[in-house]
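# Fold and geometry: a report
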Amino acid sequence: MQLKSCCIYSTGVLCILLLIAGIAMVLTQVFQNLLNNRIKKEVVLENGTEAFSVWQNPPPPVYMQFYFFNLTNPTEVLDGDKPSVIQIGPYTYREYRPMEEVKFLENGTKVAAVNPKTYVFEPKMSCGSEDDIVRTTNIPAVTVMDRYKDNPIINRVISDLMKSMSIGVFGTFRVGDLLWGYEDPLLKALKPFVSDDHFGLFYKKNSTDGDEYVLFTGRQNYQDFARIDEWNGQSSLNWWSTDECNMINGTDGASFHPVITKAEKLYIFSSDLCRSLYALYESDVSVQGIPGFRFVPPSEVFANLTINPDNAGFCVPAGNCLGSGLLNVSACKEGAPIIMSSPHFYQADEKFVQDIFGMNPRKEEHETAIDINPLTGLVLQAAKRLQVNMYLQQIPAFSQTRNIRTLVYPVMYINESVVIDEESAKNLQAVVTMANVVINIPFIVIAVGILLGVAFIVLMCRQQVPESSAAERQPLLVS
């Protein structure tokens, strides 16, 4: 009897201890912290780690899709009408972007690498071939006119040359030429005055030497994982008018540090935009069953200085601001009057949308977004969407511009996208499952404590029921 009572009361004591321990572990997040510390130590750029392998040769396929805006009324535009464009695309390329010439620096706290990119055309994922013809603005001609518009002697010579060669503001071009380069007749004729007689939006960016990076490995601080220290030998930029705008912040967007919170600003340096930007948490997502956080650049990133005074440094020349949603990158594009924006002027001032017939901005199609697993920092899914525009205006010295209205004219936009591959998803799912088990250990302890508590109550109730006497156990009727 005493042994039975001892077991019952031991069950009750054990129940209380387990509940106290479980609740304490939940409040102190001891297992969450142990897991986070383990992840922070393992996600480092050094030989032998999974993080280094993924960074050096990313397994998920990256696709670059190009959409062009075909001009349907060039003559009317030169007479002052609004351009009417039709979007054609996508023209899809598989992008290969390994890290090469890897060298560890400063006792493994930094790593240097070259990031060449190769693009291979994917006909089955494209709407046509690279031989398709697009009518759009003649970027070399517009650039030359803009560069020499204030030089009366040279602009007269160039204007006469353009007339003799029947070159104007608009022209027709092969898709492949517009992207990867062609010998431009005007630049060839002006070869003594220009650095190259070839032009292409991605000229010399396919299968050539890529950008050079020096990155932090994350060994000293997990939040420095893959953060850029130098880009092409520079620790800061020199295109913008303030030190803040010239800062190189964050990663290249392909990798992020582990243990990400919803309150963070994720900084990214984009060489296409020639600047750094940041993204904020928007929502929880699930990609192939793996939980993630979606981060997107807020509209304030590209807002004009009246909304975001920090953007004053991006107005070039100083004080020359175009409006929200636009970025003048001519300073880093050899003087070409190129304006960057989101596709279809998404989140830009409504004026730029209304200036062009054919613009239909939509959040789901034209927003840049990155889905990240918060525990590991791995990118589950991403879409970087940028539009290349030309600044067009009437230049009195060039009759080719006639009566054209001042425009930010859309040439094309890109959608650079990636989705985690099946094998990587399985490996990450195993990590997430293990993490969930570890994190839920305190709740398992609490559940066991509750079960023991129920058992204790049942046993106590049964103990309170008095045992029957021998007489009470006798049958009522005896045959």
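Residues numbered from 1 in each chain as written. Predicted model: local features only at pLDDT ≥ 70, side-chain atom pairs only at ≥ 80, totals over all residues. Heavy atoms only, no water.

### So, unusual backbone geometry
Applied cut-off: Helix and strand assignments come from DSSP, with helices taken as H or I runs of at least 4 residues and strands as E runs of at least 2, each series counted from the N terminus. Classification of residues uses two cut-offs on accessible area relative to the type maximum, computed with a 1.4 Å probe and protein chains only: under 20% is buried, over 50% is exposed, and between them is partly exposed.
A cis amide bond links Gly89 to the next residue, Pro90, at an omega of 10°. Examined against the element boundaries, Pro90 turns out to sit in strand E2 (residues 85-96). For the bond running from Val316 to Pro317, omega is -15°, close enough to zero to count as cis. Of note, Pro317 is situated in the loop between strand E14 (290-296) and strand E15 (326-328). We note that Glu106 has phi near 50°; this positive angle belongs to a residue other than glycine. On the secondary structure map, Glu106 appears in the loop between strand E3 (100-105) and strand E4 (110-115). Unusually for a residue other than glycine, Glu334 sits at a positive phi of about 55°. Checked against the element boundaries, Glu334 lands in the loop between E15 and strand E16 (338-341). Taking relative accessible area as the criterion, Glu334 reaches 66% and is therefore assigned exposed.

### Some points on the nonpolar core
Heads up, the condition is: We define a nonpolar core as any set of buried Ala, Val, Leu, Ile, Met, Phe, Trp, Tyr and Cys residues linked to one another through side-chain atoms lying within 4.5 Å. Note on definitions: a residue-residue contact is assigned when non-hydrogen atoms from the two residues lie within 4.5 Å.
Formed by 95 residues in total, the largest nonpolar core has its most connected members in Phe66 and Met412. Considering each element in turn, this core owes the most residues, seven residues, to strand E19 (residues 407-419). Apart from residues no more than four positions distant in its own chain, Met412 is found in contact with Phe66, Tyr67, Phe68, Phe69, Leu179, Leu201, Phe202, Leu386, Gln387 and Val388. Membership of the second largest hydrophobic core comes to 13 residues, among which are Val62, Ile260, Val379 and Val418.

### Quick word on the environment of Gln56
Within the secondary structure layout, Gln56 lies in helix H3 (residues 50-56). The exposure class assigned to Gln56 is partly exposed, which follows from its relative accessible area of 29%. Along the primary structure Gln56 and Met99 are separated by 43 residues, whereas in three dimensions their C-alpha atoms are 4.8 Å apart. With residues near it in sequence (within four places) discarded, Gln56 still touches Pro98, Met99 and Val102.

### Considerations on empty space enclosed by the protein
Condition: In this analysis, the protein atoms alone were mapped onto a 1 Å grid. Cavities are point sets where a 1.4 Å probe fits without being able to get out; pockets are open sets with protein on both sides within 12 Å along at least five of seven lines; lining residues have an atom within 4 Å of a point. Grid points are joined across faces, edges and corners, and a volume is the space filled by probe spheres set on the points. The classification used treats Ala, Val, Leu, Ile, Met, Phe, Trp, Tyr, Cys and Pro as nonpolar, Asp, Glu, Lys and Arg as charged, and all other residues, Gly among them, as polar.
Inspection of the entire model under this criterion finds four cavities of 30 Å³ or more. The computed volume of the largest cavity comes to approximately 150 Å³. The wall of the largest cavity is formed by 17 residues, among which Phe314, Cys315, Gly323, Leu326 and Leu327 lie closest to the centre. The biggest single contributor to the lining of the largest cavity is E15, with three residues. Among the residues forming the lining of the largest cavity, the class breakdown is 11 nonpolar, five polar and one charged. Taken as a whole, the second largest cavity spans an internal volume of roughly 100 Å³. Taken together, Val142, Met145, Asp146, Val169, Pro337, Tyr391, Leu392, Gln393, Ile395, Thr401 and Ile404 make up the lining of the second largest cavity.

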